[in-house]
Amino acid sequence: MHTQSLVPLEFIESLSISAPQMSSKEICQLNDAFHQWQKEQFIIDDITNILNARVEFVDQVLTKLWCQHNLDEYQISLIAVGGYGRGELHPCSDVDILLLTQEILEPELEEKISAFITQLWDVKLDIGHSVRSIKECLKQAVNDVTIATNLMEMRQVCGNEALTQHLQPLLNEDVFWTSKKFFVAKREEQLERHKQYNGAAYTLEPNLKANPGGLRDIQTIGWVAKRHFKADSLEELVQHKYLTQNEYFELLECQDYLWRMRGALHFIAGRSENRLLFDYQADVADMMGFGAEGKIAVERMMKRFFRIIGRVAELNKMLLQYFEYAIIQNKVHDKTTVINDDFIILDGQIKVTNHRTFMRSTKIMEMFLLIAKHEEITDLHPNTLRLMRNARRRLVSGMMDYERCRQLFLEIIKHPRGLGLPFTLMHRHSILGAYLPAWRNIAGQMQFDLFHAYSVDEHSYRLIKNLYRFNQKEHNDEFPLCSKIVQRIRKPELLFLAGIFHDIAKGRGGSHADLGAIDALEFSKEHKLSDHDGRMISWLVKHHLLMSVTAQRRDISDPEVIAKFANIVRDEAHLDYLYCLTVADMRATNESLWNSWKENLLEELYNSTKRAFRRGLEKPVDLRAKIRENQQQAINLLIGKNISQTEIKTLWSEFKADYFLRYAPEQIVWHTEHILKHNKDEPLVLISPYPYRGGTEVFVYTKDKANIFVKIVSLLGSKCFSIHDAKIISSKTGYTANTFVILDQQGNAIDDKYRALELAGSLTEVLESKTADIKFKPISNRLKQFHVPTQVSFIETKSKKNTLLEITSLDRPGLLAQFANVFQECKLHIHSAKITTFGEKVEDMFIVSTLDEKALTAKEQQELSTKLCDDTAM
């Protein structure tokens, strides 16, 4: 702590022990005033001073109340532990204290302690407290590394110093925690914490404290150093020759940035908050001095943040490896293998033999190729990492400028293990960015939505790792079709390179797919790939969104949709590459949003397109023949079900030809069986017992009247089901057949028959009611921060009978019902709907027509667009 007080004089005088006693209300007011002073100081003062000032202020508050409760008259000590003990107290952080007592507590003292703790809460201090004797402290700490860590950071605030002095030396004994045991426990604790973040530091809403590369990783270094070296500061690691002076200053710089960010977050959130949610990012960026331009300011702040945590992660890894050698492996190395004059393998880690090795950039690339070739290598040696970090900073020109580097890079990409550990290390240690300037530009690039979970470079990295898994036989059971394709294609490296470039132009403005395709073509020429290979990579980058868009937003049971898609794809080779790239891309965007519905859609589109290629694109599907085929297959399946041919033909005559095109024979059989057995005066609701394309199929057959679609989508929405597909068929006899594919909140089909029965009953009930008034949950605060105005675009088709339109809007409860209401008010008939949600945004496709089955005129399109935008405006 500073000898000169950091707290303004008026606070010191009020809290002086000699000053008059203060009530809880007075201390609350003082606490609020101090918080406001801190907020003002934040803009002009060093963050270390801000944190230390709060520690000093809280010390004085606790000491004042300690004396007011006459606790200074007893054999008891008030000790600061945790961050408070370390002298790091953020604006709204918890205040962790230990009340160190004698073996037996007198009832009178217990009452005073209880009153003291109660008042601490009354004065708005978030207290974390424990009351323990010295014996209890040691007993609990021996079995709990968190308690042990807290005690290691203990600091006397007030009370009986003899107790503290008795406990302090006991904490340094090996009986308490040996260096080795403590190191292993803290390392395991860190590994478990990192696993909670899926091993990714680059999440778009990071936890500043617990995120990989965050403040906790810096603290872990300090804790291990304190236990092993008895070091009270990181600076002492320089004296012990574990950190260089430059690395120490780098670590301080990183800590300072993360402290400032966390301090700003506390002020903005008004509470102890470590998650940098989208809600807070713009205000935090403004408070930190990045400007008030919203997304631009946030991009600046987050790019720097992602660079910072990357540096912290590197230093943390390097130091923990050094500590491991010092604490655990202080012995002769088990195994040393000489690779060449420059590199050896030491206990599974690749180590350079000469500190000047990386003076040549080619040696860095050569090292990663060696890692690919030597399966026994598990990581970089800390010496290697340190030298590589220094060499990376000295790079004057891009590594790609050197022909030998270009050759080595391609060798790594082509090697069967190149996309494994070598690629991971190249990404994590910024060598990929040092090699590809365009990759460096997307490092830490934000994506402002709830659809993407990671920064652009982290997403791209994960996509490439997905592609690599497809190429590994041990993962064949995960995505069998992708694995089969990647393992049979002659040049999987083209797929890997397309993955590297697919999003590389994000953040530049314009179409990132078009710009990335140009980058990919230039890369191919510079690396002397054949024209064919270069064009394939470029085509994949340009069209990397084509398959996901077609599968999710178009009716892939429509032969015209398949034909149009196939014409763009051109042949099976392009289809194979595109399918695998699409699956890897969608999986890497946000693992929690991937589901069997999407998987089934993509696979169905792949197989349908493959059939179209084998039939020949110049031979379009004969629709009449397709109808006859579906009907015949359905009749064959109905044989033996005690239904006469006359009944079947009578029912089928009520449906238009479109019905037999849009449903598979199995679906037609399912519908036919139940409609013929049902009282047609009542609505028929069927819930499929088997998944359809990974979702649950809901079929409704009822008399056609107003509000049917609105009622169904409203009820499904209120039950928290997401609708992904809808087909609406009108019969010639005044009935309507509606089919919906739904998923539950976890993205799964309904697998509970009682839940299915309950849903069928609710749908029947709402269809029989005269109103469509269903209540929805209010829009969440998380969504309110996003501004997604409703936009309507009409897509040109050859049809004169219907109109295809796409609606983009902010996702919220009841939105689909709002759309349906507008269609109804405009007297339009909905034929089908494809519902696609991308985080906070929906992009829904509808095929509609006038009631007399005609496409909308330009005037009708304009009127519909205006009404949709007006009625769904936030």
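Please refer to the structure placed before this passage.
What this report covers is the structure whose coordinates are included nearby. (Residues numbered from 1 in each chain as written. Predicted model: local features only at pLDDT ≥ 70, side-chain atom pairs only at ≥ 80, totals over all residues. Heavy atoms only, no water.)

1. Comments concerning the packing of helix 2 (residues 24-42) against helix 12 (residues 245-269)
Part 1 of the argument: Following both chains from N to C, one finds helix 2 and helix 12 inclined at 135°, their axes separated by 11 Å at the closest point. With respect to helix 12, the element helix 2 is oriented oblique. Regarding helix 2 and helix 12, the two cross each other, and that crossing is left-handed. Mapping the contact onto sequence places H35, Q38, K39 and F42 in helix 2 and R260, G263, A264 and F267 in helix 12.
Part 2 of the argument: In terms of residue class, the contact of helix 2 with helix 12 is built from three nonpolar, three polar and two charged. (Axes fitted to C-alpha atoms, helices over the stretch in contact; angles between N-to-C directions. Helix = DSSP H or I, 4+ residues; strand = E, 2+ residues; numbered from the N terminus. Parallel < 35°, antiparallel > 145°, perpendicular 65-115°, else oblique. Left-handed = near helix turned anticlockwise from the far one by under 90°. Contact = heavy atoms within 4.5 Å. Nonpolar A, V, L, I, M, F, W, Y, C, P; charged D, E, K, R; others polar.)

2. Things to note about helix 38 (residues 858-871)
Part 1 of the argument: The first and last C-alpha atoms of helix 38 sit 20 Å apart over 14 residues, in line with the 20 Å expected at 1.5 Å per residue.
Part 2 of the argument: Listed in full, the buried residues belonging to helix 38 are L864, S865 and L868. All buried residues of helix 38 fall inside an arc of 100° around its axis, so they share one side. Residues of helix 38 that are exposed and point over 90 degrees away from its buried face: K859, Q862 and D870. (Expected span 1.5 Å × (residues − 1). Buried < 20%, exposed > 50% of the residue type's maximum accessible area, 1.4 Å probe, protein only. Arc of directions from axis to C-beta.)

3. A closer look at unusual backbone geometry
Part 1 of the argument: A positive phi is found at D347, a non-glycine position, where the angle reads about 50°.
Part 2 of the argument: Take D347: it is sitting in the loop between strand 6 (343-346) and strand 7 (349-352).
Part 3 of the argument: For D347, a relative accessible area of 26% puts it in the partly exposed group.
Part 4 of the argument: Of note, the phi angle at C720 is positive, near 65°, even though the residue is not glycine.

4. Thoughts on the pairing of strand 2 (residues 95-101)
Part 1 of the argument: Summarising burial for strand 2: six of the seven residues are buried, a large majority.
Part 2 of the argument: Summarising the sheet, strand 1 (residues 76-80) and strand 2 pair through five bridges and their orientation is antiparallel. Bridging from a neighbouring strand, I79 pairs with L98 of strand 2.
Part 3 of the argument: Sheet analysis places strand 2 next to strand 3 (residues 127-133), joined by seven bridges and oriented parallel. When the bridges of strand 3 are listed, T101 appears paired with S133.
Part 4 of the argument: Handedness of the crossover joining strand 2 and strand 3 through helix 5 (residues 107-122) is recorded here as right-handed. (Pairing = 2+ DSSP bridges. Right-handed = clockwise from strand over helix to strand, strands pointing away.)

5. Considerations on the packing of aromatic side chains
Part 1 of the argument: Applying the stated criterion across every chain, the model contains 32 aromatic pairs.
Part 2 of the argument: Consider the rings of F229 and Y242, whose centres lie 4.8 Å apart with planes at 55°: the pair is tilted. Residue F229 is located in helix 10 (residues 215-229), and its partner Y242 is located in the loop between helix 11 (236-239) and helix 12; the two are separated by 13 residues in the primary sequence. Each member of the pair, F229 as well as Y242, carries the same accessibility label: buried.
Part 3 of the argument: Above the face of the W177 ring, K181 is positioned so that its terminal group lies 4.5 Å from the ring centre. (Phe/Tyr/Trp six-rings, centres within 6.5 Å; stacked < 30°, edge-to-face > 60°. Lys NZ or Arg CZ within 6 Å of the ring centre and 35° of its normal.)

6. Digging into the state of the cysteines
Part 1 of the argument: Scanning all chains against the criterion turns up zero disulfides.
Part 2 of the argument: The structure places no disulfide on C869, whose sulfur is separated from the nearest cysteine sulfur, that of C826, by 12 Å.
Part 3 of the argument: Take C869: its relative accessible area is 22%, and that puts it in the partly exposed class. (Disulfide = S-S within 2.5 Å.)

7. Describing the sheet that holds strand 3
Where strands meet in a sheet, backbone hydrogen bonds hold them as pairs that are either parallel or antiparallel.
Part 1 of the argument: Read across the sheet, four strands follow the order 3-2-1-4 without closing on themselves; strand pairing throughout is mixed. Pairing within the sheet leaves two strands with one partner each, and these edge strands are strand 3 and strand 4 (155-159). Geometrically, the sheet is characterised by an average inter-axis angle of 25° between neighbouring strands, direction not taken into account.
Part 2 of the argument: Its contacts with the sheet put helix 5 on strand 1, strand 2 and strand 3, and the angle it makes with strand 2 is roughly 170°.

8. As for the environment of T836
Part 1 of the argument: Structurally, T836 can be placed in the loop between strand 15 (828-834) and strand 16 (837-838).
Part 2 of the argument: Not counting chain neighbours up to four residues away, the residues in contact with T836 comprise Q552, R553, K841, V842, E843 and D844.
Part 3 of the argument: A distance of 3.0 Å separates a polar atom in the side chain of T836 from the backbone oxygen of Q552. (Polar contact = N/O pair within 3.5 Å; in protein donor to acceptor, adjacent residues only side chain to side chain.)

9. Some points on the pairing of strand 6
Along a regular strand, successive side chains alternate from one face of the sheet to the other.
Part 1 of the argument: Of the two faces of strand 6, the one carrying F343 and I345 and the one carrying I344 and L346 are both buried.
Part 2 of the argument: As paired strands, strand 5 (residues 336-338) and strand 6 are joined by three bridges and run antiparallel to one another. The partner of V338 across the bridge, within strand 6, is I344.
Part 3 of the argument: Linking two consecutive strands that pair antiparallel, namely strand 5 and strand 6, is a turn of four residues.
Part 4 of the argument: Pairing between strand 6 and strand 7: four bridges, direction antiparallel. The partner of I345 across the bridge, within strand 7, is I350.
Part 5 of the argument: Hairpin connection of strand 6 to strand 7: two residues between the antiparallel strands, including D347 at a positive phi of 50°.

10. Concerning the side chain of D844
Part 1 of the argument: Note on placement: D844 falls in strand 17 (residues 841-850).
Part 2 of the argument: Of the side chains with opposite charge, R553 lies nearest to the buried D844, which makes no salt bridge, at 8.4 Å.
Part 3 of the argument: Reaching out from D844, the side chain makes a polar contact with the backbone nitrogen of T836 at a distance of 3.3 Å.
Part 4 of the argument: Look past the residues within four positions of D844 in its chain and what remains in contact with it is L805, E806, I807, L816, F819, K834, I835 and T836. (Lys, Arg positive; Asp, Glu negative; His and termini not counted. Salt bridge = Lys/Arg side-chain N within 4 Å of Asp/Glu carboxyl O.)

In short, geometric facts, not functional conclusions.
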